[in-house]
Amino acid sequence: MRFFPQGDDDLREMLAIVGVSAPADLFRSIPERLRLTRDLALPPAQSELELRRDMGRMASANASSATHACFLGAGAYNHYVPAAVWQLLLRSEFYTSYTPYQPEISQGTLQATFEYQSLIAALTEMEISNASLYDGASAFAEGILMGARVTKRRKMVISEAIHPHYRQVARSYVRNMGIEIIEVPVATDGRTDQSRLRAAVGAGEPPAAVALQNPNFFGCVEDLSATASLTRESGALFEVVINEPLSLGLLHGPGHYGADIALGEAHALGTPLSYGGPFLGFMAARQSLLRQMPGRLVGEAVDAQGRRGYVLTLSTREQHIRREKATSNICTNQALMATAATIYMSLMGRQGMREVALQCHSKAQYARKRLSAVNGCRARFDAPVFNEFVIDMPADAQTVNRRLLDHGIIGGLPLGRYDTREGGMHRSMLFCVTEMNSREEIDKLAEALAEVTR
């Protein structure tokens with residue numbers, strides 16, 4: 001069995017037409033010193049049947065949420081996705097469609113996106129939403145740029161409790177744009193230090209935006225009311241990052257606290273973990289910021305005969321307008337994942353999402369108590385949490401994780417990689433609990449943790 005229909009005679013014929021004698025001749029333009037000349041020691045070619053068997057054996061060696069009890073979160077959450085979500089999403093009308101460049105023949109795609117925008121706006125308690133972005137990290141960076149565009153200021157004050165990957169991406173975006181990012185540390189309770197935040201906002205020129213994550217990277221629920229008041233006094237935009245949108249089944253949305261922009265990651269709404277993707281960024285804002293939103297917005301209209309229809313109301317992308325006038329040159333519409341989120345939210349409804357949020361919260365409270373009772377372990381922070389929390393342990397967190405795998409458990413996220421300072425967080429781990437974790441799994445985790453840290 002061959003993967004390519006061409007044989008040796010076909011290859012010689014093609015090379016002759018091109019005017020070379022061997023495939024290596026095609027790369028003559030590359031300097032010899034830059035070519036890979038050593039033998040890669042690749043295995044011999046296999047038939048499709050043999051390859052599938054080998055790949056299956058390799059895949060079975062992976063530890064996943066399907067084979068292990070999983071307590072890993074930090075932006076990628078193991079939630080249950082109803083079978084109906086992907087069954088509906090696999091319809092060709094959704095699965096093969098992408099960008100609605102011709103609205104008159106893309107009404108179904110446009111309506112699905114319109115419904116997505118409506119649901120995100122309702123969930124965040126904001127007035128408008130765009131038609132999705134790449135992921136939470138790029139959404140955060142777009143929020144930083146949006147704050148600079150709106151206020152014409154160049155200083156950003158953000159919390160260190162925002163996901164470190166998001167902060168890293170934002171710094172990459174603005175590195176050569178003259179925008180200064182000031183990071184505010186967390187207090188001893190795990191929330192952003194309000195006194196340090198006030199000092200950062202008041203020092204020097206006023207900021208363009210102040211950004212917090214809620215719940216933050218350490219799982220703690222921030223005091224958004226106090227930050228909103230401080231931000232209004234400075235004339236800055238108040239931006240709230242949401243990494244776990246199902247928390248809004250219990251917590252008020254950013255709009256309730258007067259946020260100007262809500263943004264983050266909607267992966268938890270109907271997309272499985274899939275070994276790291278795909279993800280789905282979202283952004284919602286106040287109506288007055290409509291024309292500063294990056295990407296696309298779908299609106300509802302009426303045609304000449306009075307029939308309801310859907311249109312791309314705003315398309316401030318470089319594909320639609322002159323590049324220098326675009327609100328973003330590196331954003332896209334994650335249409336398929338946005339449709340999955342739309343189906344998920346529609347199926348779950350207000351009550352269903354609240355029930356999932358209640359399960360996540362109550363199980364996390366139980367897990368936090370059980371793990372804190374393990375000899376030598378304690379909860380690092382005492383602020384309220386939703387479904388994630390940090391535990392300090394008497395051993396290196398990465399070593400603990402490797403040992404937990406022997407018990408059939410995928411542990412939490414070791415935090416030492418994000419705090420390399422002496423006496424940092426190399427013995428701290430961020431645990432996540434969702435509706436997928438049973439009481440038995442949590443008890444098993446506590447028992448295994450006691451054993452591997454003994």
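Residue positions within a chain follow its written sequence, with the count starting from 1. Thresholds applied to this predicted model are a pLDDT of at least 70 for local features of residues and 80 or more for the giving and counting of side-chain atom pairs; totals over whole chains, interfaces and linings are not thresholded and use all residues. For the side-chain quantities, the full set of heavy atoms in the structure was used; hydrogens and water were omitted.

**Quick look at the sheet that holds strand 7 (residues 261-265)**
Item 1. Two strands pair if DSSP finds at least two bridges between them. Only DSSP runs of H or I covering at least 4 residues are called helices, and only runs of E covering at least 2 are called strands; the numbering of each starts at the N terminus. Ordered in space as 2-8-7-6-5-3-4, the seven strands form an open sheet in which the pairing is mixed. Each edge of the open sheet is held by one strand with a lone partner, namely strand 2 (128-129) and strand 4 (180-184).
Item 2. Judged from the five bridges that link them, strand 3 (residues 155-159) and strand 4 form a sheet pairing that is parallel. Paired with S159 across the bridge in strand 4 is V184.
Item 3. Throughout, a contact is declared for two residues whenever any of their heavy atoms are within 4.5 Å. Think of each axis as a best-fit line through the C-alpha atoms, taken over the contacting stretch in the case of a helix, with angles from 0 to 180 degrees between the N-to-C directions. Sheet contacts for helix 5 (residues 107-124): strand 2, strand 6 (237-242), strand 7 and strand 8 (281-285); angle to strand 8, the most-contacted strand, approximately 65°.
Item 4. Sitting on the sheet, helix 6 (residues 136-151) touches strand 3, strand 5 (209-213), strand 6, strand 7 and strand 8, and the angle it makes with strand 8 is about 30°.

**Regarding the environment of E441**
Item 1. Positionally, E441 belongs in helix 12 (residues 439-452).
Item 2. A 1.4 Å probe rolled over the protein chains alone gives each residue an accessible area, and that area as a share of the maximum for its type sets the label: buried under 20%, exposed over 50%, partly exposed in between. The class for E441 is partly exposed, based on a relative accessible area of 24%.
Item 3. C-alpha separation for the pair E441 and I409, spaced 32 residues apart in sequence, amounts to 8.6 Å.
Item 4. Think of a polar contact as two N or O atoms within 3.5 Å of one another; within protein, one of them needs to be a possible hydrogen donor and the other a possible acceptor, and neighboring residues in sequence only count if both atoms come from side chains. At 3.2 Å, the side chain of E441 forms a polar contact with the side chain of N437.

**Regarding the pairing of strand 6**
Item 1. Buried residues dominate strand 6, accounting for six of its six residues.
Item 2. Of the two faces of strand 6, the one lined by L237, E239 and V241 and the one lined by F238, V240 and I242 are each fully buried.
Item 3. Examined bridge by bridge, strand 5 and strand 6 share five bridges and lie parallel to one another. Its bridge partner being in strand 6, A211 is matched across the sheet by E239.
Item 4. Chirality of the crossover, the property in question, places the unit of strand 5, helix 9 (residues 224-234) and strand 6 among those that are right-handed.
Item 5. In this structure, strand 6 lies alongside strand 7, joined through four bridges in parallel fashion. Bridge pairing links E239 to I261 in strand 7. Clockwise travel from the first strand over the helix to the second, with the strands pointing away from the viewer, marks a crossover as right-handed.

**Concerning the side chain of S159**
Item 1. Within the fold, S159 resides in strand 3.
Item 2. Excluding its chain neighbours within four sequence positions, the residues that come into contact with S159 are R167, V184, T192, A211, L212 and E222.

**Here we look at the pairing of strand 5**
Item 1. With respect to burial, strand 5 is a largely interior element, five of its five residues being buried.
Item 2. The two faces of strand 5 match: A209, A211 and Q213 on one face and V210 and L212 on the other face are all buried.

**Structural notes on the packing of helix 6 against helix 7 (residues 164-174)**
Item 1. Two elements in contact, helix 6 and helix 7, have axes separated by 8 Å at closest approach and are oriented at 45°. As the angle between them shows, helix 6 and helix 7 are arranged oblique. In this structure, helix 6 crosses over helix 7, and the sense of that crossing is right-handed. Two secondary-structure elements touch here, helix 6 through G136, A137, S138, F140, A141, E142, I144 and L145 and helix 7 through Y166, R167, V169, A170, Y173 and V174.
Item 2. Classification convention: Asp, Glu, Lys, Arg as charged; Ala, Val, Leu, Ile, Met, Phe, Trp, Tyr, Cys, Pro as nonpolar; all other residues, Gly among them, as polar. Within the contact of helix 6 with helix 7, the residues separate by chemical class into 10 nonpolar, two polar and two charged. In what follows, roughly perpendicular refers to angles from 65 to 115 degrees, roughly parallel to angles under 35, roughly antiparallel to angles over 145, and oblique to any angle outside these ranges. By definition, any crossing whose near helix is turned counterclockwise from its far helix by less than a right angle is left-handed, and any crossing with a clockwise turn is right-handed.

**Brief notes about the sheet that holds strand 12 (residues 388-392)**
Item 1. Reading across from one edge, 11-12-15-14 is the order of the four strands in this open sheet, with antiparallel pairing throughout. Either end of the sheet is taken by a strand with one partner, and the two such strands are strand 11 (378-379) and strand 14 (413-414).
Item 2. Relative to strand 15 (residues 428-432), strand 12 runs antiparallel, the two sharing five bridges. Within strand 15, the residue paired with D392 across the bridge is S428.

**Overview of the pattern of salt bridges**
Item 1. Every case where a carboxyl oxygen of Asp or Glu lies within 4 Å of a side-chain nitrogen of Lys or Arg is listed as a salt bridge. Considering all chains together, one arrives at 14 salt bridges under this definition.
Item 2. Here R171 makes a salt bridge to E183, at a shortest N to O gap of 3.4 Å. With R171 in helix 7 and E183 in strand 4, this residue pair connects regions lying 12 residues apart in the sequence.
Item 3. Overall, the relative accessible area of 36% leaves R171 in the partly exposed class.
Item 4. Of the charged contacts, one joins R191 and D189 as a salt bridge, the two residues approaching to 3.0 Å between their closest N and O atoms.

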